[in-house]
Amino acid sequence: MKRNIKSGMSSLLIAMLLISMALVPAASAKQEKNGSGDVGTLALQYSEPVNKYLGPRPQTYTEPFPVAVGANRIKVDLLVTNFDSGDYGKIRLRLYNPNNQEVAIDTLYPFENYLDIDYTGSLTPGNWYIIVSVDDLGSNTINVAGTINVYTP
């Protein structure tokens, strides 16, 4: 009887493992509607975590990341924690292309907890980067944590 239970448990665990392996590729792709209304799939080309403490004095944090040929979307999501209400408007996220041109910006405003940029279009391959900056936060420090993701169609 114990042997049958162990055999059944082993079969169950193997089945769960196979199912989870089948679902992993689906988790790394993202469905999106294109201009025609059709649903397409975006493949994750590159992903990088961000976790940085900033402040209290004016400070910037720069994070470079590569964009390869064929990329058409950059999504940056950073959760901001430990901030005070007086810090709103003093915390910014900027996205720069390989030509050092600012192409997108987000500022933390009231009732927000995230700095996020969703930049789409024809992306020039090369070294892109983000800059997170804070103005004078008094005696406060903040933490920004999240991911930089680059997608291809």
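A brief report on the enclosed structure follows.

Basis of the calculations
- Residues numbered from 1 in each chain as written.
- Predicted model: local features only at pLDDT ≥ 70, side-chain atom pairs only at ≥ 80, totals over all residues.
- Heavy atoms only, no water.
- Phe/Tyr/Trp six-rings, centres within 6.5 Å; stacked < 30°, edge-to-face > 60°.
- Buried < 20%, exposed > 50% of the residue type's maximum accessible area, 1.4 Å probe, protein only.
- Helix = DSSP H or I, 4+ residues; strand = E, 2+ residues; numbered from the N terminus.
- Contact = heavy atoms within 4.5 Å.

Some points on the packing of aromatic side chains
Part 1 of the reasoning: Following the criterion strictly, the structure yields three aromatic pairs and no others.
Part 2 of the reasoning: Summarising the aromatic geometry, the rings of Tyr119 and Trp128 are spaced 5.9 Å apart at their centres and angled 50° between planes, so their arrangement reads as tilted.
Part 3 of the reasoning: For Tyr119, a relative accessible area of 23% gives the class partly exposed.
Part 4 of the reasoning: Judged by relative accessible area, Trp128 falls into the buried class, the value being 2%.

A short note on the environment of Val150
Part 1 of the reasoning: Among the structural elements, Val150 can be located in strand β9 (residues 142-152).
Part 2 of the reasoning: Considered as a pair, Val150 and Glu48 are 102 residues apart in the sequence and their alpha carbons are 9.1 Å apart.
Part 3 of the reasoning: Not counting residues up to four positions away in its chain, the partners in contact with Val150 are Ala43, Leu44, Gln45, Tyr46, Phe65, Pro66, Val67, Ala71, Arg73 and Ile74.

A few points about the environment of Tyr53
Part 1 of the reasoning: One can find Tyr53 in strand β2 (residues 39-54).
Part 2 of the reasoning: You can call Tyr53 exposed: its relative accessible area is 55%.
Part 3 of the reasoning: Taking the C-alpha atoms as reference points, Tyr53 and Ile142, 89 residues apart in sequence, are found 5.6 Å from one another.
Part 4 of the reasoning: Ignoring any residue separated from it by four or fewer positions in sequence, one finds Tyr53 in contact with Gln59, Asn82, Ile142 and Asn143.

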